[in-house]
Amino acid sequence: LDKENYSLSFVGLMDRPMVPDLIKGNKFHIVIRNLTENDLGTALDGIENVKKDGYPNYFDDQRFGSFDARQGFVAEKIIKKHYNGALKIYFSRIHPEDSKDEKEHRKFTYENWGNWQACLTRATGRFEKEAFSYLEKHPTGFVPILQRISHIEMVLFFSAYQSHLWNEVLRKIIQSISGNSLKISKGIARDYLFYTHLDDKDKEYLSMLIIPMPAFNIRMPDTFTETLYSEVLR
């Protein structure tokens, strides 16, 4: 298949669904349009700085599509046993790219949460209708509905929160090393912090630092990172 903006090539068949563990890698070009001369100068200077001092490799906004600015992360609510809040995010979170109708629908759900009859009258999808119908009969039956959310979606929710915690540790490390000498880039879940310059000692430390992902068997690279990790998890 060869279209204007993409092409597909047949590779073969499998006896199981395509899942992330089968992905070897990807390769792509990024096209940036409508740059001003000032933007271009800033970008070229930034490239030189990255060559010299490296780059804090945050998980960026693409990872946080399930985050809701008003309510937070689904996974965080589940971990804290706030099942009502987790389900509310699931059914009422708004994405910037949602259509006007979808935003209005989710806004209605958010504002009428707890009034299950009202939510049911405006429910659209099958799962949404079944969920609000169940809540009308079992007003606090949040867990059985959460358990019906697909495993794939739940993995994405937990990966997003896991990535957010990892970013929080990196932010603290960058802030501790750079002090007030920081550049800030706006983010969905939190702003991203970048150092503007590094001395040789800090550059050597950061170049060797591997921050582990939050997990039950986590192993810290050093006491400094462990202390900051503990602050984030608290």
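These notes cover the structure that comes with them. (Residues numbered from 1 in each chain as written. Predicted model: local features only at pLDDT ≥ 70, side-chain atom pairs only at ≥ 80, totals over all residues. Heavy atoms only, no water.)

Remarks on the packing of helix α3 (residues 83-92) against helix α4 (residues 100-111)
This is how the line gets drawn: Orientation is described by axes fitted as lines to C-alpha atoms, over the contacting stretch for helices, and by angles from 0 to 180 degrees between their N-to-C directions. Note on conventions: DSSP H or I runs of at least 4 residues are helices, E runs of at least 2 residues are strands, and numbering of each starts at the N terminus. Should an angle lie under 35 degrees it is considered roughly parallel, over 145 roughly antiparallel, and from 65 to 115 roughly perpendicular; all remaining angles are considered oblique. Two residues qualify as a contact provided that any one of their heavy atoms is within 4.5 Å of a heavy atom in the partner residue. Three classes are used, and their members are as follows: Ala, Val, Leu, Ile, Met, Phe, Trp, Tyr, Cys and Pro are nonpolar, Asp, Glu, Lys and Arg are charged, and the others, Gly among them, are polar.
α4 packs onto α3 with a crossing angle of 160 degrees between their chain directions and a minimal axis gap of 8 Å. The angle between the axes of α3 and α4 places the two elements in the roughly antiparallel class. Two secondary-structure elements touch here, α3 through Lys88, Tyr90, Phe91 and Ser92 and α4 through Arg106, Thr109 and Tyr110. In terms of residue class, the contact of α3 with α4 is built from three nonpolar, two polar and two charged.

Remarks on the packing of helix α8 (residues 151-178) against helix α10 (residues 223-233)
Quick reminder of the rule: A clockwise turn of the near helix away from the far one marks a right-handed crossing, whereas an anticlockwise turn of less than a right angle marks a left-handed crossing.
Taken N-terminus to C-terminus, the directions of α8 and α10 make an angle of 125 degrees; their axes are 9 Å apart at the nearest point. Taken together, the axes of α8 and α10 lie oblique to each other. As α8 runs across α10, the sense of the crossing is right-handed. Between α8 and α10, the contacting residues are Leu165, Trp166, Glu168, Val169, Lys172, Ile173 and Ser176 on the first element and Phe224, Thr225, Leu228, Tyr229, Glu231, Val232 and Leu233 on the second.

A few points about the side chain of His164
Our working rule: Buried residues are those whose accessible area, probed at 1.4 Å on protein chains only, stays under 20% of the maximum for their type, while exposed residues exceed 50% and partly exposed ones sit between those limits.
Note that His164 resides in helix α8. You can call His164 buried: its relative accessible area is 11%.

Here we look at unusual backbone geometry
The phi dihedral of Asn34 falls on the positive side, at around 60 degrees, and the residue is not glycine. Among the structural elements, Asn34 can be located in the segment before α1 (37-53). One non-glycine residue, Lys81, lies in the positive phi region at around 65 degrees. Along the chain, Lys81 falls in the loop between α2 (74-79) and α3. Here Lys81 falls in the exposed class, since its relative accessible area comes to 58%.

As for the nonpolar core
Short version of the rule: Residues enter a nonpolar core if they are buried and are Ala, Val, Leu, Ile, Met, Phe, Trp, Tyr or Cys, with the set joined through side-chain atoms within 4.5 Å.
Membership of the largest hydrophobic core comes to 25 residues, with the highest contact counts inside it found for Tyr58, Phe64, Phe73, Ile173, Ile174, Leu206 and Ile211. Not counting residues within four places of it along the chain, the set of residues in contact with Ile174 comprises Pro56, Tyr58, Gly179, Leu182, Leu193, Phe194, Tyr195 and Leu206. Within the second largest apolar cluster, 21 residues are counted, among which are Ala86, Tyr90, Trp116 and Ala123.

Description of the packing of aromatic side chains
The description of an aromatic ring pair uses the distance of the two centres, along with the angle that the planes make with each other. Formally: Two rings from Phe, Tyr or Trp (for Trp, the six-membered ring) form a pair when their centres sit within 6.5 Å of each other. Planes less than 30 degrees apart are called stacked, planes more than 60 degrees apart edge-to-face, and all others tilted. Either the NZ atom of lysine or the CZ atom of arginine qualifies as a charge over a ring when it sits within 6 Å of the ring centre and within 35 degrees of the ring normal.
Applying the stated criterion to the full structure yields 17 aromatic pairs. When the ring of Phe73 is compared with that of Tyr161, the centres are 5.4 Å apart and the planes differ by 50 degrees; the resulting orientation is tilted. Here Tyr161 lies in helix α8 and Phe73 lies in the loop between α1 and α2, a separation of 88 residues in the sequence. A relative accessible area of 2% places Phe73 in the buried class. Centroid distance Phe91 to Phe127: 5.8 Å. Interplanar angle 40 degrees. Geometry classified as tilted. Residue Phe91 is located in helix α3, and its partner Phe127 is located in helix α6 (residues 126-137); the two are separated by 36 residues in the primary sequence. We classify Phe91 as buried; its relative accessible area is 5%. Within the aromatic cluster, the residues linked to one another by ring pairs are Tyr90, Phe91, Trp113, Trp116, Phe127, Phe132, Phe142 and Phe157. The cationic tip of Arg70 hangs over the ring face of Tyr110; the distance from NZ or CZ to the ring centre is 4.0 Å. Of note, Lys88 hangs over the ring of Tyr110, and the distance from its end group to the ring centre comes to 4.3 Å.

Regarding α6
In plain terms, the rule: What a helix is expected to span follows from its residue count: subtract one and scale by 1.5 Å. Arc, as used here, means the arc of the directions from the helix axis to the C-beta atoms.
Helix length check: α6 (twelve residues) gives 17 Å between terminal C-alpha atoms against 16 Å at 1.5 Å per residue, within 8%. Along α6, the residues classified as buried are Phe127, Glu128, Ala131, Phe132 and Leu135. Buried residues along α6 cover an arc of 125 degrees about the axis, so they all sit on one side. More than 90 degrees from the buried face of α6, the exposed residues found are Arg126 and Lys137.

Section: the pattern of salt bridges
Heads up, the condition is: Salt bridge, as used here: a side-chain nitrogen of Lys or Arg that lies within 4 Å of a carboxyl oxygen of Asp or Glu.
Enumeration according to the criterion identifies 14 salt bridges in this entry. Across the pair Lys80 and Glu76 runs a salt bridge whose closest N-O atoms are separated by 2.9 Å. By relative accessible area, Glu76 is classed as partly exposed at 22%. Residue Glu130 pairs with Arg126 through a salt bridge whose shortest N-O separation is 3.1 Å. Residue Glu130 and its partner Arg126 are located together in helix α6, separated by four residues, close to a single helical turn. Among the residues examined, Glu130 registers a relative accessible area of 29% and is labelled partly exposed. Arg126 gets classed as exposed once you look at its relative accessible area, which sits at 69%.

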